[in-house]
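Structure assessment
What follows is each chain in one-letter form.
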Amino acid sequence: MVIIISILFLVIGLVFSEGLLQLFGVTQGSYTYAKGYMFYIVLGLPFYMITTAFNSMIRADGSPKYAMISTLVGAVINIILDPIAIFVLKWGVEGAAIATIIGQAVSGIISLCYLRKFKSIKLNKESIKFHFKTIKNVILLGISSFITQISITLVIIVSNQLLVKYGADSKYGSDIPLSAFGIVMKVNQIINSIILGIAIGAQPILGFNYGSKKYDRVLQTYIRAIEIGFIITIIGTLILQICPQYIINLFGQENDLYNEYAKKCFRCFLMLIILNSFQITTGIFMQAIGKSIKSAAISLSRQILFLVPAMFIWSVTGGVEGILFSGPTADGLAFLMAGTLITFEIRKIKKMQKAVELRT
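Reading guide: rules and limits
- Residues numbered from 1 in each chain as written.
- Predicted model: local features only at pLDDT ≥ 70, side-chain atom pairs only at ≥ 80, totals over all residues.
- Heavy atoms only, no water.
- Helix = DSSP H or I, 4+ residues; strand = E, 2+ residues; numbered from the N terminus.
- Buried < 20%, exposed > 50% of the residue type's maximum accessible area, 1.4 Å probe, protein only.
- Contact = heavy atoms within 4.5 Å.
- Areas by Shrake-Rupley, 256 points an atom, 1.4 Å probe, with all protein chains shown as cover.
- Expected span 1.5 Å × (residues − 1).
- Salt bridge = Lys/Arg side-chain N within 4 Å of Asp/Glu carboxyl O.
- Disulfide = S-S within 2.5 Å.
- Patch = residues over 30% accessible without salt bridge, like charges linked within 9 Å, V, L, I, M, F, W, Y side chains within 5 Å.
- 1 Å grid on protein atoms, 1.4 Å probe; cavity = no way out; pocket = protein on both sides within 12 Å on 5 of 7 lines; lining within 4 Å.
- Points joined across faces, edges and corners; volume = space filled by probe spheres on them.
- Nonpolar A, V, L, I, M, F, W, Y, C, P; charged D, E, K, R; others polar.
- Bend = angle between axes of the 7 residues up to and from the residue.

1. Topic: the overall build of the chain
- Of regular secondary structure, the chain possesses 14 helices and zero strands.
- Reading the chain from its N terminus to its C terminus gives the helix and strand order α-α-α-α-α-α-α-α-α-α-α-α-α-α.
- Counting across all 360 residues of the chain, residues that qualify as buried make up 41%.
- Considering only residue pairs separated by 6 or more positions, the chain has 78% of its internal contacts joining residues 24 or more positions apart.
- As presented, the chain carries roughly 19900 Å² of accessible surface, and 70% of it is formed by carbon and sulfur atoms.

Right, here's the structure in full:
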């Protein structure tokens, strides 16, 4: 199923590449580079999707180290080949894309090699048949993660279009806001990925103990994941608020106008990322205990329900600089929504815990 979907996306990416670039707000100045990069990246989509899907199954099969190695090997190969392809072979952005898909291909192959090592299942004709009830359950449990990824794409599309539109009417032009905001989104993604990794790591513990009716352990694990994520976001917030220029310089030296807008991006858009640990972890928590609708609602809240509308509202009232305040607006509202849902859920879990204690 994963292979079929990956091939479908490969065809869509190759056929509609120009339309997709326009949809993501790529400017004329960077169109040639973006088109060349996208062509090769799309070719690597099947390997990327195979690695992502199989790694989840490998972890669930009790081999998290194998999953980690497959990911790390591909990442290290990408890091090594990037400067070789760009500077030694003079392939430019296409070289960067080629280095990326080579790393993804190696990770995908390593992941596929695990097929013969599965402990919990035996691969045969019966195991590759479509069982619609199983597919339905998989979709319901995975809908939250799917929505999260799709919503990120939607946010990028909307933000790029608005930044180009309102940036053209400002002193920054259209290219500076688009480039600076892209860096901010990357840095934000790194922080969120760390939090997500912690939450996903806690997911099997949450699910196992919830199924075993050990509700005290469920709550302890959830709180511990929140605490660890909170520490990470505090550190991230301090770094981004106090010394954003050091982060900007990591992505290249630019002019004063660029640095001015980039620093505003970090300090305004990521002002309340300290709240993201709670929202992300709560969404994964709901997913782990089988509350797919609540999990999907939390996943939808920041990106779709709050961030996209806030971008439109703030861009109208404040232009290209106003867009930056959509970040803390969405973070604050998503925090309140997640807090409301988890409060009711924790009350239910505590009642179930008391019932178990009375029976014993």
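Still more ground to cover, so stick around.
2. Quick look at helix H12 (residues 276-288)
- Taking 1.5 Å of rise per residue, the 13 residues of H12 would be expected to cover 18 Å, and the 18 Å separating its terminal C-alpha atoms lies within 8% of that figure.
- Buried residues dominate H12, accounting for 13 of its 13 residues.
- Gly290 sits one or two positions beyond H12 and adopts a positive phi of about 85°.

3. Section: the pattern of salt bridges
- Tallying each qualifying case throughout the model produces seven salt bridges.
- A salt bridge links Arg224 to Glu227; the nearest nitrogen and oxygen atoms lie 3.5 Å apart. Of this pair, Arg224 and Glu227 both sit in helix H9 (residues 215-242), three residues apart, which is roughly one turn of the helix.
- A residue is classified by how much of its surface remains accessible, and Arg224, at 53% relative accessible area, is exposed.

4. Looking at the state of the cysteines
- Scanning the model with the defined rule gives zero disulfides in all.
- A disulfide-free cysteine, Cys268 has its sulfur positioned 8.1 Å from the sulfur of Cys265, the nearest such atom.

5. Some points on unusual backbone geometry
- A positive phi angle, near 60°, is found at Lys90, a position not held by glycine.
- Along the chain, the position of Lys90 falls in the loop between helix H5 (64-88) and helix H6 (92-112).
- The residue Lys213 is not glycine, and still its phi comes out positive at about 60°.
- Its place among the elements puts Lys213 in the loop between helix H8 (175-211) and H9.
- Looking at Lys213, the relative accessible area reads 45%, which means it is partly exposed.

6. With respect to a nonpolar patch on the surface
- Nonpolar side chains collect at one region of the surface, where Val76, Ile80, Ile84, Phe87, Val88, Leu89 and Trp91 lie side by side and expose about 690 Å² of accessible area between them.
- Along the chain, Val76 turns up in helix H5.
- Taking relative accessible area as the criterion, Val76 reaches 44% and is therefore assigned partly exposed.

7. Considerations on the layout of surface pockets
- Volume-wise, the second largest pocket comes out at about 170 Å³.
- Contributing to the lining of the second largest pocket are Val187, Ile190, Ile191, Ile194, Gly236, Ile239, Leu240, Ile247, Leu250 and Phe251.
- Element by element, the count of residues in the lining of the second largest pocket is highest for H8, at four residues.
- The residue makeup of the lining of the second largest pocket, split by class, is nine nonpolar, one polar and no charged.

8. A word on H5
- In a regular helix each residue adds 1.5 Å, so 25 residues correspond to 36 Å; H5 covers 36 Å between its end C-alpha atoms and thus fits that length.
- Its axis deflected by about 30° at Leu81, H5 carries its strongest bend there, up to four residues before the proline Pro83.
- Those residues of H5 not exposed but buried are Tyr66, Ala67, Ser70, Gly74, Asn78 and Ala85.
- Tucked into the core, H5 has its buried residues touching helix H4 (45-60) and H6.
- Lys90 occupies a position one or two residues after H5 and carries a positive phi of about 60°.

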